[in-house]
Amino acid sequence: MTSKPPVRIGIRAPTNPIEIPKTRREFFKTGATLAGGLTLASGAVLPALAEGGHDHTMAAGGHENESPMILGSAELVQYGSRSPFEKSVRIPHPAGSTASPDTFGKMFHIASPIGEFHGTITPSSLHYVATTRQSYMPEIDPAKHTLTIHGVVDRPLTWTLADLKRFPSVSRLHFLECSGNRHGPQNKNVQESHGMTSCAEWTGVLLSTLIKECGLKTSAKWFVAEGAEEVKGASSMPIAKAMDDVLVAYGMNGEAVRPQNGYPLRIVVPGFEGIFSTKYLRRIKIVDRYYMNYNDYGHLTETPTDAALRYQIGPKSIITRPSGSQTLAGPGFYEITGLAWSGGGAIKSVEVSTDGGASWKRAELKSAPQRMAHVRFSCPWNWDGKATSIMSRCTDEVGQKQPTLEQVAKYWNKPYVKGYTMPGLNNSVMPWTIAQDGRITNGLL
Ligand SMILES: Nc1nc2c(c(=O)[nH]1)N[C@H]1C(S)=C(S)[C@@H](COP(=O)(O)O)O[C@H]1N2
Ligand SMILES: [Mo]
């Protein structure tokens, strides 16, 4: 058809190859010492995790297959996409609600496949989404979009997006978590139980920088962030938070904020319940009293005490692997891994129990914990093949400890019943039950 040779993407041998073992089995045959001091005996079998019955066993047989070549299309060259072999997807939340975007009903919440990620950053295309606008979202032309800060300030000001990008910028890793992220006995896997949280690198201007341009009047006590839609896009927050670490973000994981996450502008309110991080941000009103908005009304339908406590998210951790719906292939070595985060600051430590909470071991944090960001933890584990349950708990830099379900039940003044789903954002310890045949199920059952 064409005289030009097709562009092919292939894998080349490195010019200066280093000695790498061909298979993991070979690696373990060397009796390598693992982090945590665990040494695998020569010829130790490395069992594999299987998801939903599929066999994901590593290629221990070592077939050196010649892979077929794929043609790099113009689309793949211009804007990459993942391998067609990668299947992780977001799902409706809560699980079991209608799957088609056209029939989601009033709520449109989608949960992130957090059991399948590596590291700490959630890919933008798999970030959780929360809105009350069904599958609709405003389509905003960034060239026409402006942000206005007004209210009890010396000078109300309006900026275009281009103006905002001229201010000194900051890039920070922050998690968002929806109050709908409450695990219960009905959840089959970690996506259903903990998928309403994600962590991205957000880039933008500190709100304090913009407010200083306007000049804050001393009567300023609260601020209201307003999005370009009539529901969920407005919340009252203390002015002290605005002057501390709130971000007016146009960047997400190195590119523009995705449409479902607030394109072209949103605020990110680190550590506060997700609802405060207004998407499609167009106005911020500085006010001298608490303003009742759609969001605040939702919070105050419970007691004012409860509502106030829901601003800052408590410390929470969850084992993402091995976790519900997976199957351990047999006794032997596994790396237990998961995520921990807190609205109170950076995570200080994570502990893991592999004996149903009887004893706890300090987990390794895989990167320097950032304030109000997910951090990945891990723990080496040699499963003896006996039925057990595994769980994690964390402590943040201000000393807050992740509570047990019993403690959360006590807080809500509910009699503790195993498996009871707590109201509000439940940050309690979540156990996974491991049966003798390796099947993993919800430990709250
Ligand atoms: N404008 C607007 N902002 C919004 C919402 C919304 O529906 N509209 N949902 C809120 C809720 S409930 C949450 S949990 C977070 C979710 O952010 P995300 O969809 O980017 O994950 O955005 C908040 N900001
Ligand atoms: Mo939310």
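Residues numbered from 1 in each chain as written. Chains lettered and ligands numbered in written order. Predicted model: local features only at pLDDT ≥ 70, side-chain atom pairs only at ≥ 80, totals over all residues. Heavy atoms only, no water.

Overview of the overall build of the chain
So, point 1. For the chain, the count of helices and strands is nine helices and 26 strands.
So, point 2. A burial count over the chain gives 47% of its 445 residues as buried.
So, point 3. Sequence-distant contacts, at least 24 apart, represent 71% of the contacts inside the chain between residues at least 6 apart.
So, point 4. Within the structure as shown, the chain displays about 22,600 Å² of accessible surface, and the carbon and sulfur contribution to it stands at 55%. (Helix = DSSP H or I, 4+ residues; strand = E, 2+ residues; numbered from the N terminus. Buried < 20%, exposed > 50% of the residue type's maximum accessible area, 1.4 Å probe, protein only. Contact = heavy atoms within 4.5 Å. Areas by Shrake-Rupley, 256 points an atom, 1.4 Å probe, with all protein chains shown as cover.)

Describing the site of ligand 1
So, point 1. Taken together, the neighbourhood of ligand 1 is formed by 20 residues, with Tyr128, Glu229, Asn261, Arg266 and Lys279 sitting nearest.
So, point 2. In the model, a nitrogen atom of ligand 1 is placed 3.0 Å from a nitrogen or oxygen of the Ser277 main chain.
So, point 3. When isolated, ligand 1 has an accessible area of 530 Å², and the protein chains bury 99% of it.
So, point 4. With three residues, the single largest contributor to the shell around ligand 1 is strand S6 (residues 129–131).
So, point 5. The residue makeup of the shell around ligand 1, split by class, is seven nonpolar, nine polar and four charged. (Near = heavy atom within 4 Å. Polar contact = N/O pair within 3.5 Å; in protein donor to acceptor, adjacent residues only side chain to side chain. Nonpolar A, V, L, I, M, F, W, Y, C, P; charged D, E, K, R; others polar.)

Notes on the environment of Leu157
So, point 1. On the secondary structure map, Leu157 appears in strand S8 (residues 157–160).
So, point 2. Apart from the residues within four sequence positions on either side, Leu157 is in contact with Leu147, Thr148, Ile149, Glu213 and Cys214.

Here's the deal with helix H5 (residues 207–214)
So, point 1. Inspection of H5 places Leu207, Ser208, Leu210, Ile211 and Cys214 among the buried residues, and these make up the whole buried set. Taken around the axis of H5, the buried residues stretch over an arc of 160°, which confines them to a single face.
So, point 2. Trailing H5 by a residue or two, Gly215 shows a phi angle of about 80°, which is positive. (Arc of directions from axis to C-beta.)

Here's the deal with the sheet that holds strand S24 (residues 388–396)
So, point 1. With antiparallel pairing, the five strands of this open sheet are ordered in space as S21-S20-S24-S25-S26. Single-partner strands in this sheet number two, and they are strand S21 (361–362) and strand S26 (440–442).
So, point 2. Sheet analysis places S24 next to strand S25 (residues 432–434), joined by three bridges and oriented antiparallel. Bridged to Thr388 within S25 is Ile434. (Pairing = 2+ DSSP bridges.)

Notes on the packing of aromatic side chains
So, point 1. Applying the stated criterion to the full structure yields eight aromatic pairs.
So, point 2. On the numbers, 4.8 Å between centres and 85° between planes, the contact of Trp222 with Tyr290 is edge-to-face. With Trp222 in strand S11 (residues 222–227) and Tyr290 in the loop between strand S16 (281–287) and helix H7 (294–300), the pair connects residues that are 68 residues apart, well separated along the chain.
So, point 3. Look at Trp222 and you get partly exposed, because its relative accessible area is 23%. (Phe/Tyr/Trp six-rings, centres within 6.5 Å; stacked < 30°, edge-to-face > 60°.)

Regarding the pairing of strand S20 (residues 347–353)
So, point 1. Most of S20 is tucked away, with five of its seven residues classed as buried.
So, point 2. The pairing of S20 with S21 spans two bridges and is antiparallel. Along S21, the bridge assignment pairs Glu351 with Arg362.

Description of the sheet that holds strand S23 (residues 375–383)
So, point 1. Spatially, four strands are ordered S17-S19-S23-S22 in an open sheet, and the strand pairing comes out antiparallel. Two strands in the sheet have a free side with no partner beyond their single neighbour: strand S17 (316–321) and strand S22 (364–365).
So, point 2. In the sheet, S22 pairs with S23 via two bridges, with the strands oriented antiparallel. Paired with Glu364 across the strands is Ser378, a residue of S23.

Some thoughts on the pattern of salt bridges
So, point 1. As enumerated under the stated definition, the model contains 14 salt bridges in all.
So, point 2. For Asp288, the salt bridge identified is with Arg289, shortest N-O distance 3.0 Å.
So, point 3. Here Glu335 and Lys366 are joined by a salt bridge, their closest N and O atoms 3.0 Å apart. Highlighted residues: Glu335 in strand S19 (residues 332–341) and Lys366 in the loop between S22 and S23, separated in sequence by 31 residues. (Salt bridge = Lys/Arg side-chain N within 4 Å of Asp/Glu carboxyl O.)

Comments concerning the nonpolar core
So, point 1. Ranked by internal contacts, the top residues of the largest apolar core, which has 40 residues, are Trp381 and Trp432.
So, point 2. Listed by contribution, the elements that provide at least two residues to this core are strand S9 (170–177), S17, S19, S20, S23, S24, helix H9 (405–411) and S25.
So, point 3. Counting only domains with at least three residues in this core, you end up with domain 2 (92–300) and domain 3 (316–442).
So, point 4. Counting 30 residues, the second-largest nonpolar core is a separate cluster that includes Ile149, Trp159, Val205 and Met237. (Core = buried A, V, L, I, M, F, W, Y, C linked by side-chain atoms within 4.5 Å. Domains from an automatic or database assignment.)

Focus on unusual backbone geometry
So, point 1. Put simply, Tyr263 and Pro264 share a cis peptide bond, and its omega is 5°.
So, point 2. Position of Pro264 among the secondary structure elements: in the loop between strand S14 (255–256) and strand S15 (266–268).

Quick notes on the confidence of the model for the chain
So, point 1. Put simply, the chain has an average pLDDT of 83, and 76% of its residues get 70 or more.
So, point 2. Counting interchain partners and residues more than four positions distant, the pLDDT-below-50 stretch residues 1–44 has 42 contacts.
So, point 3. Here residues 52–62 is modelled with pLDDT under 50, and outside its nearest four sequence neighbours on either side it reaches 11 contacts, counting other chains as well. (pLDDT = per-residue confidence, 0-100.)

Digging into the pairing of strand S13 (residues 247–252)
So, point 1. Here S13 lies mainly inside the structure; six of its six residues are buried.
So, point 2. Direction of pairing for strand S10 (residues 197–206) relative to S13: antiparallel, over a ladder of five bridges. The residue of S13 that forms the bridge with Gly204 is Ala249.
So, point 3. Pairing geometry for S13 and S15, over three bridges, is antiparallel. Paired with Val248 across the two strands is Ile267, which belongs to S15.
So, point 4. Pairing between S13 and S14: two bridges, direction antiparallel. Following the sheet pairing, Gly251 is matched in S14 by Ala256.

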